[in-house]
Amino acid sequence: MKVRQKKFLRRNIIFVFSLLVGALFTVFVYGWIVLDNYHRQVDQNVIRMLEFYTNSINSDFEKINTQILNLLLRNGIIQKELPAIQDVTSGHGTLELINAQNKLNQNLYELAMNYGDGYNLWYYNKQYDIYCESGNGDYAWKRDFRNYITDMCQTEQEALTRQQHWFLVDTGSSVYAVSAYRMGLDYVGCWIKLWDLVEPLMRLDMIDSGGIYVYDAGQELFQLYHKDRTMKDDVEMDALAGIELSALKLQYADFEIGVIGTDVLQKQVFLYQSVMVSLGVISVLFMLWMIHFIKRAVLQPLLFFSKSIERFKNTGSFDSDNLYEEFEDAGRLLKELEDKIRKLEVSIYEERIEKQKVELDYAQLQIRPHFYINCMNNIYSLAQMKRYYEIEDLSIYVSNYLRGIFRKGMVPVPLQEEIESIQNYLEIHKILYRNGFAYSLSVEETVRGCRIPPLLIQVFVENSIKHTMASDEEIDLCIRAVQAGDKLHIGIYDNGPGFPEELLGRMEECLADRKDSRFQIGLHNAVVRLRMLYAQEAKVLFSNGEDGGAHVDIYMPAEPNLKFGSQTSQKLLRNGGKVEKSH
């Protein structure tokens, strides 16, 4: 049975680890699906970002072209004021020219405000050699482009916009994206430094080790910009063969802008997937190793320990050659426990025999033939003397007393019920001995419901009456029950000769000879019963009063109070626990 239980344990452990592996595999698959979905979303986001940037450039190029044409064809300063100037050498003509130039600068500035700092609108008049521009670009680049465009216009080598397509201009110092229109001697256009055009793309997370390329097939111009703001212009387009390129669809440009290495985010996703695969493989290998380790380091020692216990059960010897010291200690503890159990079995057997003797003595104690015969004889004598009232009282007391005696058994009874039985017993003696018998009862209200062994007080009361009658003195008996801390204190005091001094200590320890007539069997059994029920929590003290008489003080645990309220109880203790004395 033990071995099969260990196999069951082994199967359970393997089953649990299998569940863990399955759960890990499920998490891995789910994570892979999530990452794959994330990968597709990244692709879509890259496409959306490139489309957004492309649409922004196309929109700016188209609007600027429209603004340039409107300026060239419809501006009153270009169409009317400049042609109306007659002599620019005169002071008045020079003033008109400067005034017209300032107005053009203002117009260009207002137009350029709609497109950011990168775009610079310009106007050049070949006749008067005046140049106007707007924008917040760097002064060095403005001067570079102005020198270039004025030279080209003077030599009539200028490049003009065709079909609204912007083109690239390489001045030697920098490269610009330019749109330029001409009407007569007037030139109007816009330029933006190529780095300023591609710089927004550089700020996107998809650019890392790659870069932005700009290619003009007509001019065989190729520019490559890195995220660290460095530029390469000696790279051929063919050198990028095999590299992932994402070109922008520019509708209003003769050149191409593209992104190199837009798979940076995708590579990160792939890296995460690779890490997940590696962790999954490592986890599976770790689980397999754990199964092997538990089998070797836990299950096998447990199986060995189980077989050792089975051998110990059959032979009494325990094999302590185990892998763990804890199992060896358990074996030693089992042997010690076996010895203690054997001793306990012997002790329990002896206590059982003693209990059987006590119960037998208790059964014998219940039968008092001489007492009953004496009661019957007294009833007969009272009948002859026609003392019918005393016969009625005696019959009632004897009947109640016998009813209480034969119904109790060994189950603890409430103190109130025991007191009622005692009072019936004492009332019988009071009738039997008439004026030679007196007693008093004192019971606190709080202890009336406490449970005590049946006939416990009866034994000591009978012993007191027996020895007091032998002294030929009037019997005076006192019984008290009070609460003493967490204990119930019951006292039985008489005015008899008391206990012999040599027997007092031995009686409390139950060491006196039970055959000694001075130490009744009932007293001995009462002490034994208390110790069997309450162990060290109960004790019986035997002593003699200063004025003579035997004193018995019983201390025992106060069991939970019960509710009692019978008419008999109220009649017997009608004064709330105060002393009731009869003579």
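What counts as what
Residues numbered from 1 in each chain as written. Predicted model: local features only at pLDDT ≥ 70, side-chain atom pairs only at ≥ 80, totals over all residues. Heavy atoms only, no water. pLDDT = per-residue confidence, 0-100. Contact = heavy atoms within 4.5 Å. Buried < 20%, exposed > 50% of the residue type's maximum accessible area, 1.4 Å probe, protein only. Helix = DSSP H or I, 4+ residues; strand = E, 2+ residues; numbered from the N terminus. Pairing = 2+ DSSP bridges. Axes fitted to C-alpha atoms, helices over the stretch in contact; angles between N-to-C directions. Polar contact = N/O pair within 3.5 Å; in protein donor to acceptor, adjacent residues only side chain to side chain. Parallel < 35°, antiparallel > 145°, perpendicular 65-115°, else oblique. Nonpolar A, V, L, I, M, F, W, Y, C, P; charged D, E, K, R; others polar. Salt bridge = Lys/Arg side-chain N within 4 Å of Asp/Glu carboxyl O.

Engineer: Report on the confidence of the model for the chain, specifying residues and quantitative values.
Structural biologist: Close inspection of predicted coordinates is inappropriate in any region flagged by low pLDDT. Within the chain, residue pLDDT values average 76, and 77% of them lie at 70 or more. Scored below 50 in pLDDT, residues 1–6 shows eight contacts in the model against residues more than four places distant or in partner chains. Contacts from residues 561–583, a stretch scored under 50 in pLDDT, to residues over four places away or in other chains number 52 contacts.

Engineer: How would you explain the pairing of strand E10 (residues 256–260) if you had to name every residue and give the values?
Structural biologist: Most of E10 is tucked away: four of the five residues are buried. In this structure, strand E6 (residues 211–216) lies alongside E10, joined through five bridges in antiparallel fashion. By the bridge assignment for E10, valine 214 is matched with isoleucine 257.

Engineer: Let's hear about the sheet that holds strand E1 (residues 120–125): which residues, and what values?
Structural biologist: Within the open sheet, the five strands sit side by side as E2-E1-E5-E4-E3. Their pairing is antiparallel. At either end of the open sheet lies a strand with only one pairing partner, and these are strand E2 (130–133) and strand E3 (167–170). Strand-to-strand twist of the sheet, defined as the mean angle between neighbouring strand axes without regard to direction, takes the value 30°. Here eight bridges tie strand E4 (residues 175–183) to strand E5 (residues 186–193), and the two strands are oriented antiparallel to one another. Across the sheet, valine 178 pairs through a bridge with tryptophan 191, a residue of E5. Helix H2 (residues 76–84) contacts E1, E2, E4 and E5 of the sheet and is inclined by roughly 30° relative to E1. Along the sheet face, helix H5 (residues 194–202) touches E3, E4 and E5 and points at about 40° away from the line of E5.

Engineer: Requested: an account of the environment of tyrosine 128, with residues and values cited.
Structural biologist: Tracing the backbone through its elements, the reader meets tyrosine 128 in the loop between E1 and E2. As for tyrosine 128 and leucine 82, which are separated by 46 residues in sequence, their C-alpha atoms are 9.0 Å apart. Dropping the residues within four chain positions of it, tyrosine 128 is found in contact with Leu82, Ile85, Val88 and Leu97. Of the polar contacts made by the side chain of tyrosine 128, one reaches the backbone oxygen of isoleucine 85; its length is 3.3 Å.

Engineer: So what about the packing of H2 against helix H3 (residues 91–112)? Which residues, and what values?
Structural biologist: The contact between H2 and H3 brings their axes to 10 Å, and the two run at 175°. It follows that H2 is roughly antiparallel to H3 by the angle criterion. Across the interface between the two elements, Ile77, Ile78, Glu81 and Leu82 of H2 pack against Leu97, Ala100, Lys103, Leu104 and Asn107 of H3. Residue composition of the contact of H2 with H3, by class: six nonpolar, one polar and two charged.

Engineer: Run through the pattern of salt bridges, naming residues and quoting values.
Structural biologist: This model, assessed by the stated rule, comprises four salt bridges. Glutamate 81 is the partner of lysine 103 in a salt bridge, and the nearest nitrogen-oxygen pair spans 3.5 Å. Highlighted residues: lysine 103 in helix H3 and glutamate 81 in helix H2, separated in sequence by 22 residues. In this structure, the salt-bridge partner of glutamate 158 is arginine 182, at a minimum N-O distance of 3.1 Å. Here arginine 182 lies in strand E4 and glutamate 158 lies in the loop between helix H4 (139–154) and E3, a separation of 24 residues in the sequence. Given a relative accessible area of 36%, arginine 182 falls into the partly exposed group.

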